[in-house]
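Chain and residue survey
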Amino acid sequence: MSIIRKKNSLEKRFLRGEYLNNIWQVGLNLLFPPPRSCLICGRKLPDNTLIEICQLCLEQLPLVGDCFCRQCGRPLAVVAPKTRPLGEMRCFDCARTRHFFVQNRAVGIYSGPLKEQIQELKYHYNRRLGIGLGQIMGLVAEARGWVPEKAHLLAVPLHRERLHQRGYNQAELLMQGMESVLETPSLESHTVIRRAATGASSGLSPKERRANLRGVFQVPRPGEVAGKVLCIIDDIYTTGATLDELARTLLQAGAEAVHGLTLSIAVDDQHLLGNDFK
Ligand SMILES: [Zn+2]
Ligand SMILES: [Zn+2]
C-alpha cells in the first residue's frame, strides 16, 4: 500500500515537473518565438507568412486548372469545343453516374509532391502538415469561389478503430486548417458516425466500392443537419463513392444540399481519355 502511495506521489511530482516545464517552454516561446520553417522542406520562413509552407513547395503542388468536370472536379485533358461551355463539361464517369452530391471540387491532383504529402499526413502522424494543407485548401477554395454559400463544413468521419490506429482524422485536420483561414462555420465531428470499418477499397470497381459503403454512415441527431447546406471535407476523391454515400445519408436525414471539397483527386488516363474503366 505504502509502496503504491509512494509511486503515486513520485508520479505526481514528475507530472507537476513536466507541467511546469511546459509552462516554462510556452513562456520562452512567447518571448523568443522559434524560427518558423516550411512543413515540407524545412526552409526558414519569413515571419509574416500565413501558412507554414514555403513558396517553392507551394509552386510544386499540382493544382487543378480551369478545365475540369463540373460535377466531380476531375481535371479534363480534352479542351471543350466552343459549342460546349466550360460550365457543362462532365467527365465520362459523371456523365453516366447519378451522384447524390451537388458537386465536388478538388484543389490538387493526387500525384507527385501532393501525393507524397498526403501519404505523410496519413501514415506518419504529421498533424501540423494537415493543418497547413487545410489552410491551402481554404485559401484556394475561397479564391475560386468553391465554398458554397451558407455552408457548414463537415469532415468525412473515420471509424473509431481507424481513428484509434491513426491517432487523428486527417479530414478533420484539413478542416481545422480551413477554419483558421475562412469564416465558414463547421459541424462537430460526431454529427455523422461511421459504423463499420470497411476493408481496403483500392482494387475494387466503382460499383463494388458503392456496395461496400452502403449504410456505413449514420446521423444520430438528424436535427443537427436538417435544412443545412453541407460542404464535406476529405483528403482525396477517387470514385466519389464515399462522398455519394455520405450525401445520400445526410439528405435522408434532412440536409438541404451536400457539396464536396477535397484536397486532391485521383486522375488516371482512362478518365482523361473518357474510356470505360474498372
Ligand atoms: Zn518548402
Ligand atoms: Zn466527373
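This one's a predicted model, so the numbers in the text were calculated from it and none came from an experiment.

**Re the pairing of strand β2 (residues 151-155)**
- Within β2, 4 of the 5 residues are buried, which leaves it mostly tucked inside the rest of the structure.
- Bridging between β2 and strand β5 (residues 229-237) involves 5 bridges; their strand directions are parallel. The partner of L154 across the bridge, within β5, is I232.

**Topic: unusual backbone geometry**
- Phi at Y125 takes a positive value of approximately 50°, unusual for a residue other than glycine.
- Mapped onto the elements, Y125 comes out in the loop between α4 (112-123) and α5 (127-143).
- Classification of Y125 as exposed rests on a count of 12 C-beta atoms within 10 Å.

**A short note on the packing of helix α8 (residues 206-213) against helix α9 (residues 241-252)**
- Interhelical geometry of α8 versus α9 gives an angle of 40° and a closest axis separation of 9 Å. By the criterion of interaxial angle, the relationship of α8 to α9 is oblique. Relative to α9, the crossing made by α8 is right-handed. Along the contact surface, α8 presents P206, R209, R210 and L213, while α9 presents A241, T242 and E245.

**Some points on the sheet that holds β2**
- Strand order in the open sheet made by the 4 strands is β1-β6-β5-β2, with parallel pairing throughout. Each having just a single partner strand, β1 (104-109) and β2 make up the two edges of the open sheet. Put simply, the sheet's adjacent strands are angled 20° from each other on average, direction ignored.
- Both β1 and strand β6 (residues 257-265) contribute to a ladder of 5 bridges, which runs parallel. Each bridged residue has a counterpart across the sheet, and for N104 the counterpart in β6 is G260.
- The sheet contacts of α5 involve β1 and β6, and relative to β1 the element is tilted by about 120°.
- Sheet strands touched by α9: β1, β5 and β6. Its angle to β5, the strand with the most contacts, is close to 160°.

**Digging into the nonpolar core**
- Grouped together as the largest cluster of nonpolar side chains are 56 residues, with contacts concentrated most on M137, L174, L230, I232, I233, L246 and L250.
- Of all the secondary-structure elements, those providing two or more residues to this core are β1, α4, α5, β2, α7 (170-181), β5, α9 and β6.
- Beyond its immediate stretch of four places on either side in the chain, L174 contacts G130, L133, G134, M137, I233, D235 and L263.

**Points about the packing of α5 against α7**
- One way to put it is that α5 packs onto α7 with a least axis distance of 6 Å and a crossing angle of 55°. By the angle between their axes, α5 is oblique relative to α7. By crossing handedness, the relation of α5 to α7 is classed as right-handed. For the pair α5 and α7, contact is made by R127, G130, I131, G132, L133, G134, Q135, M137, G138 and L139 and by Q170, L173, L174, M175, Q176, G177, M178, S180 and V181, respectively.
- The residue makeup of the contact of α5 with α7, split by class, is 9 nonpolar, 9 polar and 1 charged.

**Quick notes on α9**
- The terminal C-alpha atoms of α9 lie 16 Å apart, and with 12 residues this matches the ideal 16 Å at 1.5 Å per residue to within 8%.
- The set of residues buried in α9 consists of A241, T242, L243, D244, L246, A247, T249 and L250.
- Those residues of α9 that are buried are in contact with β1, α8, β4 (217-218), β5 and β6.
- In the segment just after α9, G254 is the residue with positive phi, at about 110°.

**Comments concerning the confidence of the model for the chain**
- Confidence in the prediction of the chain, expressed as mean pLDDT, is 85, and 79% of residues score 70 or more.
- pLDDT under 50 marks residues 271-278. Its contacts with residues more than four places away, or in other chains, come to 12 contacts.

**Some remarks on the pairing of β5**
- The buried fraction of β5 amounts to 8 of the 9 residues, a majority that puts the element mostly inside the structure.
- Crossover connection from β5 via α9 to parallel β6: handedness right-handed.

What counts as what
- Along every chain, residues carry numbers that run from 1 in the direction the sequence is written.
- Each chain is given a letter, starting from A, and each ligand a number, starting from 1, according to the order in which they appear as written.
- In keeping with the model being predicted, local features are shown solely for residues with a pLDDT of at least 70 and side-chain atom pairs are shown and tallied solely at 80 or more, while totals for entire chains, interfaces and linings include all residues.
- Using C-beta atoms placed from the backbone, we call a residue buried if 20 or more other C-beta atoms fall within 10 Å of its own, exposed if 12 or fewer do, and partly exposed for counts in between.
- In this description a helix means any DSSP run of H or I spanning at least four residues, a strand means any run of E spanning at least two, and both kinds are numbered starting from the N terminus.
- When DSSP finds two or more bridges between a pair of strands, those strands are recorded as paired.
- Axes here mean lines fitted to C-alpha atoms, for a helix over just the part in contact, with angles spanning 0 to 180 degrees between N-to-C directions.
- Orientation is classified from the angle alone, with under 35 degrees giving roughly parallel, over 145 giving roughly antiparallel, 65 to 115 giving roughly perpendicular, and any other angle giving oblique.
- Crossing handedness is defined as follows: a turn of the near helix away from the far one that is anticlockwise and smaller than a right angle gives a left-handed crossing, while the clockwise case is right-handed.
- Note that contacts rest on C-beta atoms placed from the backbone: two residues are in contact if these are within 7 Å.
- One nonpolar core equals one set of buried Ala, Val, Leu, Ile, Met, Phe, Trp, Tyr and Cys residues connected by C-beta atoms within 7 Å.
- In this classification, the charged set is Asp, Glu, Lys and Arg, the nonpolar set is Ala, Val, Leu, Ile, Met, Phe, Trp, Tyr, Cys and Pro, and all remaining amino acids, among them Gly, are polar.
- Every helix has an expected span of 1.5 Å times one less than the residues it contains.
- pLDDT is defined as a per-residue confidence score from the predictor, taking values between 0 and 100.
- When the strands point away from the viewer, a crossover counts as right-handed if the path from the first strand over the helix to the second runs clockwise.

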